[in-house]
Amino acid sequence: MIDGSSGAVGLRVDAGDTEAQGGPGPADAAGSGAYVARDVSVSADNGSVAAGRIDGSVTINNNYPPAPASVWRPVRVGMVPALASAFQPRHGLRELVDRARERNGTVGLTQVLSGGGGVGKSQLAASYAQQAHAEGVDVLVWVDAAETSRIVAAYAEAAGKVKALGAAGVDAEGDAARFLEWLTVTDRSWLVVLDDLTDVEGAGPWWPRPPAAGGSGRVLATTRRRGALLSGAGRALVDVGLYSKGEALDYLRDRLGAADAVHLLDRDAGDLTEALGLLPLALSHAAAYVINEAVTSTDYLRLFTDRDSRLDVLLPTGADTDAYGRQVTTSLLLALDAAQRREPVGLAVPAVRFAARLDPAGHPLQLWTTAAVTDYLTAQRTPHPDAPALGPVTPDQARAALRLLHHYALLTSDSRDGHRAVRMHALTARAARETAPDADAPTTYQAVANALAEIWPRHTHTTPDLTAVLHANTDVLAAGAGAVLQQPDGELAVLREAGRTLIDAGLYAAAVTYWLRLAADTERLLGGQHPATLTARGNLAASYTQAGRTREAIVLQERVLADREGLLGDRHLHTVTARGDLALAYAQAGRTAEAIALQERVLADREGLLGDGHLDTLTARGDLAACYWEAGRTAEAIVLQERVLADRERLLGDQHPHTLTARGDLALSYWQAGRTGEATDLIEPVLADRERLLGDQHPHTLTARRILAACLWQTGRRSEAVDLMERVFADRERALGALHPDTLAALKTLSFAYWQTGNYSKAVDTQEWLNARGAGTA
C-alpha cells in the first residue's frame with residue numbers, strides 16, 4: 001500500500017505481494033530478490049523510525065529516496081568449451097540446424113544433436129553458445145549433462161543468479177524447478193545447452209519448456225542416444241555425422257598450417273582421412289601425432305593401417321592439444337557401460353564385440369536371429385551378480401541388444417539400408433576389438449563365421465546383392481581371423497563357401513585372387529600338409545581351370561592329388577575329388593585320354609562310396625560324358641547325359657542351375673550327333689532360363705548362347721547365328737579376357753562363320769588377330 005501526504009511516502013508490504021517475494025515485476029524481470037516474512041508491516045513517515053510491536057509488525061520511518069531500478073547483467077553458468085584449433089564450421093550441418101530454428105520463429109526451440117562419439121556434437125553446440133554470447137544473450141547456461149545431478153546443480157546455480165522467485169539456495173531440486181519456471185515467464189533471451197546428455201529417462205523432468213508468448217529461449221542438447229524420447233514434445237532431432245571429405249582435408253590443412261607443419265601433409269592426405277573414417281576426434285589426435293613426431297601423412301597412414309598397431313599409440317591422449325580430455329578408444333566406447341546396464345542386461349558388450357568383427361560398411365539384420373548369434377550371446381552374457389539366473393538368449397533379445405547399441409550410437413541399425421542394415425564406424429569397431437580380451441577373439445570369430453554360414457543362401461544366383469554383402473563380410477572375417485585358423489579345428493566353412501560361390505557366379509579371376517590369399521594364409525598358419533591347406537590349394541587349382549590358366553591348374557592339382565593320396569589314402573572322398581578336378585584340367589588341356597581314364601575311376605569310386613543317385617555321383621557322370629564328347633564318343637556321352645538330366649530333374653527340379661547345365665550339355669551332344677532339331681528345342685529354353693536366373697553375362701548363359709548359335713547355323717539360320725556368335729565373342733572377351741581359351745574358341749568360330757557367309761574382310765581381320773597371338777587357324 002502506498003500513501004502520500006506532505007511529501008511523505010508510506011509503503012506497506014504484505015506476504016501476498018508478488019514483487020516483494022522476489023517475483024519478476026514489469027521493471028525487473030529477474031525480481032527484487034527481497035524475502036519478507038508473513039505478517040510484517042513496514043511504513044515510513046517523515047524520516048521517523050518506529051520500534052517493532054507485539055503483533056509482529058514493524059514501522060520504519062526514513063526520508064531516503066526510492067532505490068533506482070536494478071540494472072540487468074548477463075547471466076553465465078557453466079564453462080563453454082573453447083573451439084578446437086582448426087575448427088570447421090560445417091556449413092551444411094549448421095544449415096540444417098538453422099533451418100529448423102527458422103521454422104519455429106521466436107518460439108522456444110529444443111534441438112537435440114545426436115551422434116556417436118567424436119563426431120563433434122559438443123563443438124557444434126559450443127559454436128552456437130559462443131555465437132549467442134557474442135550477440136548478447138541475457139542468460140547462457142552450459143551444463144555437463146552426463147549425470148542428472150549435474151543438470152540440477154547447474155539449474156540451481158542459475159536460479160540464484162537470475163533471482164528466480166522462491167529460490168533460497170537451500171533445496172537444489174526446488175531451486176532448479178524454480179529456474180525452469182522462470183524460463184517460461186521471462187522476457188529475457190536465454191540459451192540452455194545440455195551437453196553429453198546420457199540418462200535421457202532421468203533427465204525427463206529437467207527439459208526446459210518453451211517460453212510464453214513474447215519470450216525468446218532455446219535449448220540445445222548433445223547426446224549419443226537415439227530414440228523416441230529425443231523427438232516430439234517440441235524437440236527436433238538433428239543427426240550429427242562425420243566430416244565430409246572436404247572438411248576433413250581442410251581440418252588437416254588448417255591444423256598443420258597453424259603449427260607451420262603443412263609440409264607434412266603429402267599426396268596420401270585424402271587416404272588418411274578415409275582411414276580415420278572422417279571422424280573429427282580421430283583427425284585431431286592424428287594431426288597432433290603428425291606434428292609432434294614430424295612424420296608425413298603417408299608415413300602415419302602406413303603406421304595406422306598396420307594390423308599390429310594400436311589406437312592408444314597412434315591416437316594418444318598425450319597429443320590432445322585441443323583438450324578433448326579422452327583417449328579416442330575411450331570416447332568411442334564411452335556409452336558402452338551405460339548400455340550394458342540396460343535391458344537386455346549384460347548383452348551390450350558381447351554384441352559390440354561380435355559386430356566389430358564384421359564389415360563396417362554393413363551386414364544383414366537377419367544375422368542377429370541366427371542360432372550362432374544367440375548361442376554366442378548366451379555364453380558371453382555378463383548379467384549383474386545379484387540378478388536371478390537367466391535362460392538362453394532368444395532371437396528377440398538379440399535384436400533388442402542390437403537396438404540398444406543403436407540407441408547409444410555405438411552402431412546404426414536401419415532396415416532401409418537393405419542387406420547392409422547394421423553398420424559400425426570402422427574406428428569404433430577397431431576400438432572394440434582392441435579393448436576385448438585376446439582370449440575371446442577365437443570364440444567371437446567362430447561365432448561370426450557360423451552366423452554368416454547360417455544365412456548364406458543355398459542358391460546364390462537368386463540373391464546376388466545379399467551374396468555380395470556376405471562376401472564383403474567374409475573378407476573382413478578372413479583378414480582378422482588368423483588366431484582362429486591356428487586352432488586345430490579352426491577351418492572355417494564359411495571361407496570355403498565364399499570362395500565356392502565366386503566360382504559358381506562365374507567370377508573366376510576374383511576366385512583365383514581369393515583362393516591364392518586363403519591358400520597362402522592357411523599354409524602359413526597351419527602348415528603345407530594341413531587338410532585346410534590342401535582344400536584351399538585344390539580350390540585354387542579349380543579356379544585356375546575355370547579362369548583358363550590350365551598349365552598352372554595341372555601343376556597345382558597334381559600336387560594336391562599326390563598329397564591327398566599320401567595323407568588320406570587312395571579312395572578317400574577328398575582324394576577322389578582331387579582326382580576329378582585333375583581330370584577336368586587334363587580335358588581342358590586336350591589330354592583327353594588321361595582325362596577319361598581318371599574320370600572313369602572317379603565315377604566308379606563315387607558310385608561305390610556314395611551310391612548311384614548321390615549328387616556328387618551325378619556330377620562325376622556328367623564330367624565323364626563331357627570327356628567322351630571331347631573324344632568324339634558322342635553316343636556314349638548322350639547315354640550318360642540323358643541319365644544325368646533325368647536324375648537332376650527328379651532330385652533338383654526343372655529350374656535348378658545344375659539341371660539347366662545337364663540340359664545344355666545334352667543339347668550340345670545332340671547337335672554334335674546331327675540331331676539339330678532336338679538340340680534346338682532343348683537349348684532355347686535353357687538360354688531363356690539362364691538369362692532369367694543367372695543374368696545376361698554369366699558364363700553359363702554365354703555357353704547356352706554359343707550352343708544355340710551352333711544349332712541355328714546348322715539349320716541354315718546363318719544370319720541369326722552370326723549375330724549370336726558376335727555377341728558370344730564380345731561377352732567372353734569382356735568377362736574372361738581376350739586370351740582366355742573360351743574367348744579364342746569363340747573368335748575362331750566367328751572367323752569361320754564370316755568366311756562361310758562371304759564376309760571376307762572380317763574373316764581376314766579375325767584370322768590375323770588370332771595368328772598374331774599364336775592362337776592357330778580357324
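Just so you know, these numbers come straight off a predicted model, no measurement behind them. (Residues numbered from 1 in each chain as written. Predicted model: local features only at pLDDT ≥ 70, side-chain atom pairs only at ≥ 80, totals over all residues. Heavy atoms only, no water.)

**Some remarks on the overall build of the chain**
Within the chain one finds 32 helices and 10 strands. For the chain, buried positions account for 48% of its 778 residues. Element-wise, carbon and sulfur atoms account for 53% of the exposed surface of the chain, whose accessible area totals about 35400 Å². (Helix = DSSP H or I, 4+ residues; strand = E, 2+ residues; numbered from the N terminus. Buried < 20%, exposed > 50% of the residue type's maximum accessible area, 1.4 Å probe, protein only. Areas by Shrake-Rupley, 256 points an atom, 1.4 Å probe, with all protein chains shown as cover.)

**Observations regarding the pattern of salt bridges**
Tallied over the entire structure, the rule returns 41 salt bridges. For D175, the salt bridge goes to R178, with nearest N and O atoms at 4.0 Å. Here D175 and its partner R178 are both found in helix α4 (residues 172-185), 3 residues apart, which amounts to about one turn of the helix. The exposure class assigned to R178 is partly exposed, which follows from its relative accessible area of 30%. Between R633 and E636 there is a salt bridge, with its nearest N and O atoms 2.7 Å apart. A single network of salt bridges, built from pairs that share partners, joins E565, D570, R571, R579, R601 and D605. (Salt bridge = Lys/Arg side-chain N within 4 Å of Asp/Glu carboxyl O.)

**A look at the confidence of the model for the chain**
Taken over all residues, the pLDDT of the chain has a mean of 82, while the share at 70 or more is 85%. A low-confidence stretch, residues 1-67 (pLDDT under 50), is modelled with 103 contacts involving residues beyond four sequence positions or located in other chains. (pLDDT = per-residue confidence, 0-100. Contact = heavy atoms within 4.5 Å.)

**Examining the sheet that holds strand β5 (residues 139-144)**
One open sheet accounts for 6 strands, arranged β3-β5-β6-β7-β4-β8; its pairing is parallel. At either margin of the open sheet sits one strand with a lone partner, and together these are β3 (75-77) and β8 (235-239). The sheet shows a mean angle of 15 degrees between the axes of neighbouring strands, direction not considered. For strand β4 (residues 109-114) and strand β7 (residues 216-223), the ladder comprises 6 bridges, and the chain directions are parallel. Its bridge partner lying in β7, S114 is registered against T223. (Pairing = 2+ DSSP bridges. Axes fitted to C-alpha atoms, helices over the stretch in contact; angles between N-to-C directions.)

**What to know about a nonpolar patch on the surface**
A contiguous nonpolar surface patch, about 330 Å² in accessible area, is contributed by W755, Y760 and V764. With respect to the element layout, W755 can be found in helix α31 (residues 741-756). Owing to a relative accessible area of 48%, W755 belongs among the partly exposed residues under this scheme. (Patch = residues over 30% accessible without salt bridge, like charges linked within 9 Å, V, L, I, M, F, W, Y side chains within 5 Å.)

**Notes on the packing of aromatic side chains**
This model, assessed by the stated rule, comprises 12 aromatic pairs. Measuring from ring centre to ring centre gives 5.4 Å for Y514 and W515, while their planes differ by 85 degrees; the resulting arrangement is edge-to-face. Taken together, the ring pairs in this structure connect W72, Y155, F179, W182 and W206 into an aromatic cluster. The ring of Y128 carries the charged tip of R94 above its face, separated from the ring centre by 4.1 Å. The cationic tip of R225 hangs over the ring face of Y408; the distance from NZ or CZ to the ring centre is 4.5 Å. (Phe/Tyr/Trp six-rings, centres within 6.5 Å; stacked < 30°, edge-to-face > 60°. Lys NZ or Arg CZ within 6 Å of the ring centre and 35° of its normal.)

**Brief notes about the pairing of β4**
Counting buried residues along β4, 6 of its 6 residues qualify, which places the element largely inside the surrounding structure. Residues L109, Q111 and L113 of β4 are buried on one face, and the alternating residues T110, V112 and S114, pointing to the opposite face, are buried as well. Pairing of β4 with β8 involves 5 bridges; the strand directions are parallel. Of the residues in β8, the one forming a bridge with V112 is L237.

**A word on the environment of A177**
Residue placement: A177 occurs in helix α4. Among the residues examined, A177 registers a relative accessible area of 29% and is labelled partly exposed. The spacing of A177 and W206 is 29 residues in sequence and 7.9 Å in space, taken between C-alpha atoms.

**Considerations on the side chain of R732**
Locating R732 in the fold gives a position in helix α30 (residues 718-736). Contact partners of R732, with chain neighbours within four places excluded, come to L702, T703, R706, G737, D742, T743 and A746.

**Quick notes on the nonpolar core**
By size, the foremost hydrophobic cluster in this structure holds 175 residues, and its most contacted members are Y300, L315, F354, W368 and L477. For F354, the contacting residues outside a window of four places in its chain are L367, W368, V373, Y376, T444, A447, V448 and A451. Of all hydrophobic cores here, the second largest spans 33 residues; its members include V152, A164, A176 and F179. (Core = buried A, V, L, I, M, F, W, Y, C linked by side-chain atoms within 4.5 Å.)

**Description of the side chain of T428**
Mapped onto the secondary structure, T428 falls in helix α15 (residues 426-435). By relative accessible area, which is 8% here, T428 ends up buried. If sequence neighbours within four positions are ignored, T428 has contacts with L332, L333 and L410.

**Concerning helix α21 (residues 531-546)**
The terminal C-alpha atoms of α21 lie 23 Å apart, and with 16 residues this matches the ideal 22 Å at 1.5 Å per residue to within 8%. In terms of burial, α21 is a largely internal element, 12 of the 16 residues being buried. Elements in contact with the buried residues of α21: α19 (493-504), α20 (508-526), α22 (550-568) and α23 (573-588). A positive backbone phi angle near 85 degrees is found at G548, which sits one or two residues after α21. (Expected span 1.5 Å × (residues − 1).)

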